[in-house]
Amino acid sequence: MNTDHQQQIQKAAQLIGSAKCAVALTGSGISVESGIPPFRGAGGLWEKMDPMEVAHIDSFRRDPARVWELLIRDLKECLDRARPNPAHLALARLEAMGILKGVITQNVDGLHQAAGNRDVIEFHGTFAWQRCMDCQRRLETHRVELDQIPPRCECGGILRPDCVFFGEMIPPEHLHRSRQLSERCDVMLVVGTSAVVQPAAFMPVIAKQCGATVIEINPESTPLTANISDLLVKGPAGQVFTGIMAAMADYTVR
Ligand code: NAD
Ligand code: ZN
């Protein structure tokens, strides 16, 4: 590991260790080391299809079977197998230590809750449940049989994930709480998000405007890196958090 990287890890550990109210904004990158491909970036679904088109509510309404085949079926298989990685576990540990006051996630994979975080705002809903387009009844995803595509509710209606598709509104209560947390935090951790999907990408801007220190953890730079982030720790989230947690242990012992 080079010295620059080590210094960034140390710096992040110090900032997090002295935070009174840290908040994390996470995107699909945090779950890559759990085996879930992101939309954008290397190995992302974007290379095979255009998620903006496939994961758009208009596409789903037009042809639900196609969206189930192209996107949702694979996602279900992937998510059924995925387990939290060291980045999710570190955020749960930081919450238990009283440092992290909330996670705003764009992910629908439930891995923050599986890791033990209790205060998780699922900005884009959850894949853990499916919802009937006709009667609105909800059914746990692992109970859904895929012998017919699209799967259907008892009433005959088509099932859809309880997620926010492109073209749909973020639940207003999630947006409201996310804004509140962003205004109140003194450190915001922006982990594994390309920061191009709005309004989630605006939360670090709010945090910065309200005086927080913004720390990005991502192998790539993003539109936030130049003007909003105080620090970018480059690398895969699981590896970076392993380093940060080790550095924090040293730092608190001293
Ligand atoms: P994105 O797909 O747009 O971008 C992924 C980001 O993660 C990129 O900036 C990439 O450089 C970074 N990244 C890649 N590997 C990483 C790693 N190991 N550690 C840290 N960062 C890494 O993701 P997005 O900004 O979250 O937005 C797209 C939307 O897609 C979100 O709304 C989300 O709901 C949805 N989505 C969710 C999941 C999931 O639930 N796991 C998976 C795919 C897409
Ligand atoms: Zn129904």
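Before reading further, recall that the structure is shown in the block above.
Each value, and the rule that gives it
Residues numbered from 1 in each chain as written. Chains lettered and ligands numbered in written order. Predicted model: local features only at pLDDT ≥ 70, side-chain atom pairs only at ≥ 80, totals over all residues. Heavy atoms only, no water. Phe/Tyr/Trp six-rings, centres within 6.5 Å; stacked < 30°, edge-to-face > 60°. Helix = DSSP H or I, 4+ residues; strand = E, 2+ residues; numbered from the N terminus. Buried < 20%, exposed > 50% of the residue type's maximum accessible area, 1.4 Å probe, protein only. Lys NZ or Arg CZ within 6 Å of the ring centre and 35° of its normal. Donors = N, O, S within 2.8 Å, 3.2 Å for Na, K, Ca; no water. Tetrahedral: all angles 85-135°; square planar, octahedral: opposite > 155°, others 65-115°. Pairing = 2+ DSSP bridges. Right-handed = clockwise from strand over helix to strand, strands pointing away.

Quick notes on the packing of aromatic side chains
Thinking step 1. Tallying each qualifying case throughout the model produces one aromatic pair.
Thinking step 2. When the centroid spacing of 5.3 Å and the interplanar angle of 40 degrees are considered together, the rings of phenylalanine 60 and phenylalanine 165 count as tilted. Of this pair, phenylalanine 60 sits in helix H3 (residues 57-62) while phenylalanine 165 is found in the loop between strand S6 (159-163) and helix H7 (172-184), placing the two residues 105 residues apart along the sequence.
Thinking step 3. Judged by relative accessible area, which is 1%, phenylalanine 60 ranks as buried.
Thinking step 4. Among the residues examined, phenylalanine 165 registers a relative accessible area of 8% and is labelled buried.
Thinking step 5. Taking the ring centre of tryptophan 129 as reference, the NZ or CZ of arginine 138 above it sits at 4.6 Å.

Comments concerning the coordination of the zinc ion (ligand 2)
Thinking step 1. Bound to the zinc ion (ligand 2) on the protein side are Cys132 (SG), Cys135 (SG), Cys153 (SG) and Cys155 (SG), at distances that span 2.3 Å.
Thinking step 2. Geometry at the zinc ion (ligand 2) is tetrahedral, judged from the four donor atoms that bind it and their angles of 104 to 119 degrees at the metal.
Thinking step 3. For the zinc ion (ligand 2), all donor residues lie on one chain, and their spacing in sequence is C-x2-C-x17-C-x1-C.
Thinking step 4. Owing to a relative accessible area of 0%, cysteine 132 belongs among the buried residues under this scheme.

Focus: the pairing of strand S7 (residues 187-191)
Residues in a regular strand point their side chains to alternate faces of the sheet.
Thinking step 1. By the criterion of burial, S7 is predominantly enclosed, with five of the five residues buried.
Thinking step 2. Burial of S7 is two-sided: the residues Val187, Leu189 and Val191 facing one way and the residues Met188 and Val190 facing the other way are all buried.
Thinking step 3. As defined by bridge partners, S7 adjoins strand S8 (residues 213-217) across five bridges and the pair is classed as parallel. Bridge assignment links methionine 188 to a residue of S8, and that residue is valine 214.
Thinking step 4. Running through helix H8 (residues 203-209), the crossover from S7 to the neighbouring parallel element S8 is right-handed.

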